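A closer look at the structure
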Amino acid sequence: MSNLSISDMARPAPPSPYLEGLNPEQREAVEAVEGPVLVLAGAGTGKTRVLTTRLAHILATGTAQPWQILAVTFTNKAAREMKERVGRIIGEAVEGVPWLGTFHSISAQILRRHAELVELKSNFTILDTDDQLRLLKQIIQAENIDEKRWTPRHLASLIDGWKNRGLLPDQLGEEDKWSFAEGRGQGLYQMYQDRLKTLNCCDFGDLLLHTLHMFKDHPDVLAEYHKKFRYVLVDEYQDTNVSQYLWLRLLAQGTGNICCVGDDDQSIYGWRGAEVDNILRFEKDFPGAHVVRLERNYRSTEHILAAASGLIAANRSRLGKTLWTEDSGGEKVQVRGIWDGEAEARFVAEEIENWSSKGRAYSDSAVLVRAAWQMRAFEDRFIMLGLPYKVIGGPRFFERAEIRDAHAYLRLVRSPEDDLAFERIVNTPKRGIGDTSVQKIAMTARAMGVPMSEAARVMVTTDEIRGKARTALQVFLRDIDRWREQAEHSRLDELAEIVLDESGYTAMWREDKTPQAAGRLENLKELVRSMGEWDTLEAYLEHVALVTDADRASDDDDEVSLMTLHGAKGLEFPLVFLPGWEETVFPSQRSLDEGGTRSLEEERRLAYVGITRARERAIITFTANRMIYGHWQAVIPSRFIDELPVDHVEAKSETGYYDGGPGRESFTGTADPMASSYSSPGWKRYQTNTQSGRKSDPPTINAKATLIESGGSDKTGKWQAGDRVFHDKFGYGTVKKADGAKYTVKFDKAGEKKVVESFLRDLP
DNA sequence: TGGGGGCACCTTTTT
DNA sequence: GGTGCCCCCA
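One structure accompanies this document, and this report is about it. Residue numbering note: each chain is counted from 1, following its sequence as written. Lettering of chains starts at A and numbering of ligands starts at 1, both following the order in which they are written. With the structure being a predicted model, the display of local features is reserved for residues of pLDDT at least 70 and the display and counting of side-chain atom pairs for 80 or more, all residues being used for whole-chain, interface and lining totals. In computing side-chain properties, one takes all heavy atoms of the structure into account and sets aside hydrogens as well as water.

1. Side note on the overall build of chain A
Within chain A, the regular secondary structure consists of 30 helices and 21 strands. Taken across its 764 residues, chain A has 51% of its residues classed as buried. The contact definition used throughout considers only heavy atoms, calling two residues in contact when any of these lie within 4.5 Å. Counting contacts in chain A only where the partners sit at least 6 residues apart, residues at least 24 apart contribute 72% of the total. In the structure as shown, chain A presents an accessible area of about 34400 Å², 49% of it carried by carbon and sulfur atoms. Helix numbers and strand numbers start at the N terminus; a helix is a DSSP run of H or I with at least 4 residues, a strand a run of E with at least 2. Residue exposure (1.4 Å probe, protein chains only): buried if accessible area is under 20% of the type maximum, exposed if over 50%, otherwise partly exposed. For the area figures, the Shrake-Rupley method with a 1.4 Å probe applies, and any residue is considered shielded solely by the protein chains shown.

Rendered as structure tokens:
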């Protein structure tokens, strides 16, 4: 890569048409190119636009060349979006920005060039969480530690935490050293790191940690990058952890031209090591920093913005911004108290149907929940109604067992020393090579200091493994060799297909008669298809290691989006539902138990992120009864509801919390949830009923049925057998028997033969 | 070696 | 409630 001469740098800036339409603050954020800059960009203030325009501006004015800019994002999606938008602004002239990517992908790029400096080979493998856990489990077992008391998962999260803070095993503080298995945490961490080196592997945390320490230990290499990166841009700065912060600081030391964009009010990844402090301290860390506040919101109505602002004002550790909009008026934020989770799902679905019947698109609406388990009730309801929806950020494609198995086969074909891959698939499908045999292979491999596949090769010639296992192992090794040869002259997707077929892996799922098997086969097909886009196995595996499939979601379909609040960051919808605003659910009790006030503030930021996703309409709901882990619990409204500014909220409750008893009286204004709940007769009644483990019936019967299609002859009068009806609670059904005002109806709901004996008709 | 039953667990998760 | 994991038994 060539360097830029001084004369290039001094070239005067040509006029920039792309600056048109920016407001004064946005423009300032774009044009303040030199020195440290912090852009505090509130929700909906055009953050992405500023970021991309800034990058384009630097390029278009000739201030720097594409390869001299380091632009870091957190997600691949954000990186891709930025690339596209920059390309659109400055046209085809620029062949992309090579150092635009996520912290992890850029670190991986850098690390592969200097792998030997951290005792790795440049073709190191990036481990996923699954591999990581299995490795830790092995280490814990080998150390004879009670793995029930000290779980691999626990150790993994500790190690993750240390890596997030940029700490190597020998840098742990006293407290950390003692935090696992009576002071063995440090030793285990060291063993894990050693093992990774032997296996030529990195976990996610290592990508940053190794790069960071490589820079620290090799100033000459760092200097090289100082020369290379003239401008540093960082997105979502509020979500950086210590290790990323140090990484950035080191790189920015060169020119001092670092621009961080973020919003302290939207920092929601504290539990992953993100430090809001990084953004709160920016001006101290980068003396002379220029701070630009983007406060004009282009997304939401006045009421929505005011409700969100009022809520977030309850947080103490924040820099403080005053968002405003010219979009005055609009609807107030709605708050609804509902009997239980089922009714809540019914309510939301009904609102969406109303919305749709006014000619609005399903894809304009989203349901944002605190935790993934809350999605089920909505999915059930949507499926029953045939309402189109998609779950965003659900079970991940690349984390599915069948995809990992397939990857393990390919990894082993690529590198015989990949023990983790070997262990994973040596007996998948079942070949009769059981745990005992695998243990033997592992022990021999350790003793000989060679990879397991090597050890296995030796062992099939000796008597250590006998009978069926031995033959199976021989066949397996021969297969691997054959595929490795095959890999030389096959396209990637062909190779994958051959390996999956010949290994019997596809057959294994074809013979599996469980309902999930079909989906797994489908996924494998999809995998083979997607591999057609890649030239080398290396490139493909790197891609899947660093990319999650959040980017795979298509947004063309007209579907309601269902996702967690975390998943909703950066998105916006005209209509947003925020269900489950109850103490213990949101704010999450667990989060509060662990992190106290800090966590409460983060939960509040999550609420803030939720409300600010809405453009036109935000609807918050809470229930009186919530099924949690199979138990009914009486719950009280979230404290966040009471923190919403009264003037911007319109509230109604049918649960009796606020109005003192069952009924439908509405309430307005705020109330102390504890006082009003506990003193309310309604509350007491529900609580008693709930304690027995079963909730009582709703205070009002909210279910009714309507005729939707006449199967009988009489279309206007009474229902006939064969008529199709829609019932508020049970969905679609068919009338089986009609006898005066009594009807027997069978409902369609899959797997259920629910019969409601009689109910009143409600015909239009 | 592998399948079935009992049992503990249960947030969020851009990489 | 439901899933994944472990242990025990055939």
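2. Quick word on the packing of helix α21 (residues 452-459) against helix α22 (residues 467-488)
The description of two helices packed together rests on the angle between their axes and the distance between the axes. Every axis corresponds to a line fitted to the C-alpha atoms, with the helix fit spanning only the stretch in contact, and the corresponding angles, defined between N-to-C directions, vary from 0 to 180 degrees. Interhelical geometry of α21 versus α22 gives an angle of 130° and a closest axis separation of 10 Å. If you check the angle between α21 and α22, you find them oblique. The hand of the α21/α22 crossing is left-handed. Contacts from S453, A456 and R457 of α21 reach α22 at L473, L477 and D481. Polar here means any residue other than Ala, Val, Leu, Ile, Met, Phe, Trp, Tyr, Cys and Pro, which are nonpolar, and Asp, Glu, Lys and Arg, which are charged; Gly is therefore polar. Its residues assigned to classes, the contact of α21 with α22 comprises 3 nonpolar, 1 polar and 2 charged. Oblique is the label for every angle not falling under 35 degrees (roughly parallel), over 145 degrees (roughly antiparallel), or within 65 to 115 degrees (roughly perpendicular). Left-handed is the label given to a crossing in which the near helix is rotated counterclockwise from the far helix by less than a right angle, and right-handed is the label when the rotation is clockwise.

3. Things to note about helix α23 (residues 492-502)
Where α23 is concerned, the buried positions are L492, D493, L495, A496, V499 and L500. Buried residues of α23, viewed axially, fall in a sector of 155°; they line one side. Among the residues trailing α23, G504 stands out with phi positive, at a value near 85°. By arc we mean the arc of the directions from the helix axis to the C-beta atoms, nothing more.

4. Structural notes on the protein's contact with DNA strand C
In the neighbourhood of DNA strand C, the contacting residues comprise K137, K148, R376, Y629 and G630. In DNA strand C, atoms within 4 Å of the protein come 38% from sugar and phosphate. By the criterion applied in these results, polar contacts are pairs of N or O atoms within 3.5 Å in which, for protein atoms, one can donate a hydrogen and the other can accept it, and in which residues neighboring in sequence qualify only through two side-chain atoms. One of the side-chain nitrogen or oxygen atoms of K137 is found 3.4 Å away from a phosphate oxygen of DNA strand C. A per-class count over the surface near DNA strand C returns 1 nonpolar, 1 polar and 3 charged. Note on terminology: near, applied to a residue and a molecule or strand, indicates that one of the residue's heavy atoms is within 4 Å of it.

5. With respect to the pairing of strand β2 (residues 69-73)
Here β2 lies mainly inside the structure; 5 of its 5 residues are buried. Side chains I69, A71 and T73 of β2 all project onto a buried face; the interleaved residues L70 and V72 project onto the opposite face, where all are buried too. One requirement defines pairing of two strands: DSSP has to find at least two bridges between them. As judged from the 4 bridges shared by β2 and strand β6 (residues 231-234), these two strands associate in the parallel manner. In the strand pairing of β6, A71 is matched with L233.

6. Digging into the environment of I636
By secondary structure assignment, the location of I636 is in the loop between β15 (631-634) and α28 (639-643). On the basis of relative accessibility, which here comes to 9%, the residue I636 falls in the buried class. Measuring from C-alpha to C-alpha, the distance between I636 and F622 comes to 8.1 Å, with 14 residues separating the pair along the chain.

7. Points about the sheet that holds strand β1 (residues 37-41)
Strand order in the open sheet made by the 6 strands is β3-β2-β6-β7-β1-β8, with parallel pairing throughout. In this open sheet, the two edge strands, each paired with only one partner strand, are β3 (100-102) and β8 (290-294). The average angle at which neighbouring strand axes cross in this sheet is 15°, direction not considered. Where β6 and strand β7 (residues 258-262) come together, 3 bridges link them in parallel fashion. Each residue of the ladder has a partner; that of V232, found in β7, is I258. Packed on one face of the sheet, helix α5 (residues 103-113) meets β2, β3 and β6 and runs near 110° to β3. Set on the sheet, helix α12 (residues 242-252) makes contact with β2, β6 and β7; between it and β2 the angle comes to about 170°.

8. Focus on the pairing of strand β10 (residues 365-369)
Most of β10 sits inside the fold, with 5 of its 5 residues counted as buried. Burial along β10 is two-sided: the residues S365, V367 and V369 and A366 and L368 are all buried. The pairing of β10 with strand β13 (residues 573-578) spans 3 bridges and is parallel. Bridging from a neighbouring strand, V367 pairs with F577 of β13. Across 4 bridges, β10 lies against strand β12 (residues 560-564) in parallel orientation. Bridge pairing links L368 to M563 in β12.

9. Some details on the pattern of salt bridges
Side chains bearing opposite charge may pair, as long as their charged atoms lie close to each other. Each salt bridge in this description consists of a side-chain nitrogen of Lys or Arg and a carboxyl oxygen of Asp or Glu lying within 4 Å of one another. Counted under the stated rule, the structure contains 48 salt bridges. Here R484 ties to D481 by a salt bridge, and the two come within 3.8 Å at their closest N and O atoms. Of the two residues, R484 and D481 are both situated in helix α22; the distance of 3 residues between them amounts to about one turn of the helix. Among the residues examined, R484 registers a relative accessible area of 22% and is labelled partly exposed. R529 is the partner of E526 in a salt bridge, and the nearest nitrogen-oxygen pair spans 3.0 Å. You can see E526 and its partner R529 sitting in helix α25 (residues 516-531), 3 residues apart, about one turn around the helix. Overall, the relative accessible area of 24% leaves E526 in the partly exposed class. Judged by its relative accessible area of 52%, R529 is exposed.

10. So, the side chain of N23
Here N23 is to be found in the loop between α1 (6-10) and α2 (24-31). Of note is the side chain of N23, whose polar atom sits 3.1 Å from the backbone nitrogen of E25. At 2.8 Å, the side chain of N23 and the side chain of Y298 are in polar contact.

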